[in-house]
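Commentary on secondary and tertiary structure
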Amino acid sequence: KAGVTQTPRYLIKTRGQQVTLSCSPISGHRSVSWYQQTPGQGLQFLFEYFSETQRNKGNFPGRFSGRQFSNSRSEMNVSTLELGDSALYLCASSSGTGDPGNTIYFGEGSWLTVV
Amino acid sequence: SQQGEEDPQALSIQEGENATMNCSYKTSINNLQWYRQNSGRGLVHLILIRSNEREKHSGRLRVTLDTSKKSSSLLITASRAADTASYFCAIERMDSSYKLIFGSGTRLLVRP
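These numbers were taken from a predicted model, which means no experiment stands behind them.

The next subject is the sheet that holds strand S1 (residues 5-7) of chain B. Strands pair in a sheet through their backbones, by hydrogen bonds, and they do so in one of two ways: parallel or antiparallel. Residues and elements named next belong to chain B. Judged by pairing direction, the sheet is antiparallel, and its 5 strands sit side by side in the order S1-S3-S8-S7-S6 without closing on themselves. Two strands bound the open sheet, and with one partner strand each, they are S1 and strand S6 (55-58). Within this sheet the neighbouring strands show an average axis-to-axis angle of 15°, counted without direction.

And the structure:
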């Protein structure tokens, strides 16, 4: 069974540009969530989608957005990039059924550098 | 802070020794999950322990959970150089499912 797949793995963008990151969850999983990891702030939750609906959202500005498609694949977009957006962006998938034993699996991440 | 807090922040041990990492949190939880991260890589899931469980094992890993003290520990027995990584605990709060709140992590170095 394939794991969580994220593309691209590495990218460099210029301040003011926008970026789109893609995530394919584990087959059968309907919940996809996104996290940002930086040395200063650690791992922080961005948002979570289930059946194309955002169920939960972290404390990030509106420049960070996401969406989920009918096949459960998800994208996140960051507009008007700032230097502080440089981070490892991690996608995670789970069944999303609310079971307390719901394991959340992560992908390898997308390294974004803003210059 | 609602985050899990881990200690120690860094741990250096000799191969073959045991490593213990601790995690504390502040809210009621559905579960607590432990992850490993090698430098620059994604998070590898190690163990999930539900709020009604007290101990779980997986190979050389043992996780305990004390909900009265709001704390958990991860024990790695007979450590290997390949165990060198950062280890994170993450809680799923009872009032906020599908969202993990991570601790700051423990950096483990296993010396050959």
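Next comes the rest of the account.
Attention shifts here to the sheet that holds strand S7 (residues 64-68) of chain A. Residues and elements named next belong to chain A. With respect to topology, 4 strands assemble into an open sheet ordered S1-S3-S8-S7, the strand pairing being antiparallel. Looking at strand neighbours, the two that pair on one side only are strand S1 (5-7) and S7, the edges of this open sheet. Adjacent strand axes in the sheet meet at a mean angle of 20° when their direction is disregarded. In the sheet, strand S3 (residues 19-24) pairs with strand S8 (residues 74-78) via 5 bridges, with the strands oriented antiparallel. Bridge assignment links Thr-20 to a residue of S8, and that residue is Asn-77.

On to the interface of chain A and chain B. Each partner contributes to the interface: chain A provides 25 residues, whereas chain B provides 21 residues. Where chain A packs against chain B, one counts 1 salt bridge. The shortest N-O distance in the salt bridge between Arg41(B) and Glu108(A) comes to 2.7 Å. The tally of links between chain A and chain B comes to 8 residue pairs in polar contact (both at pLDDT 80 or more). Going through the elements one at a time, strand S4 (31-38), strand S5 (42-50), strand S6 (53-57), strand S9 (87-94) and strand S10 (105-106) of chain A are the ones with two or more residues in the side of chain A that touches chain B. It is S5(A) that provides the largest number of residues to the side of chain A that touches chain B, a total of 3 residues.

Reading the values: rules and limits
- Each chain carries its own residue numbering, running from 1 in the written order of its sequence.
- Numbering of ligands from 1 and lettering of chains from A proceed in the order in which they are written.
- The predicted origin of the model limits local features to residues at a pLDDT of at least 70 and limits the giving and counting of side-chain atom pairs to 80 or more, whereas totals for whole chains, interfaces and linings rest on all residues.
- Only hydrogens and water are removed before side-chain values are computed, so all heavy atoms of the structure are retained for them.
- When DSSP finds two or more bridges between a pair of strands, those strands are recorded as paired.
- Helical segments are the DSSP runs of H or I of at least four residues, strand segments are the runs of E of at least two, and each set is numbered from the N terminus.
- Axes, fitted as lines to C-alpha atoms, cover a helix only where it is in contact. Angles between the N-to-C directions of the axes lie from 0 to 180 degrees.
- We call two residues contacting when some pair of their heavy atoms lies within 4.5 Å.
- What makes a salt bridge here is a side-chain nitrogen of Lys or Arg within 4 Å of a carboxyl oxygen of Asp or Glu, nothing more.
- A 3.5 Å cut-off defines polar contacts: any pair of N or O atoms within that distance qualifies, except that in protein one atom must be a possible hydrogen donor and the other a possible acceptor, and neighbouring residues in sequence count only when both atoms are side-chain atoms.

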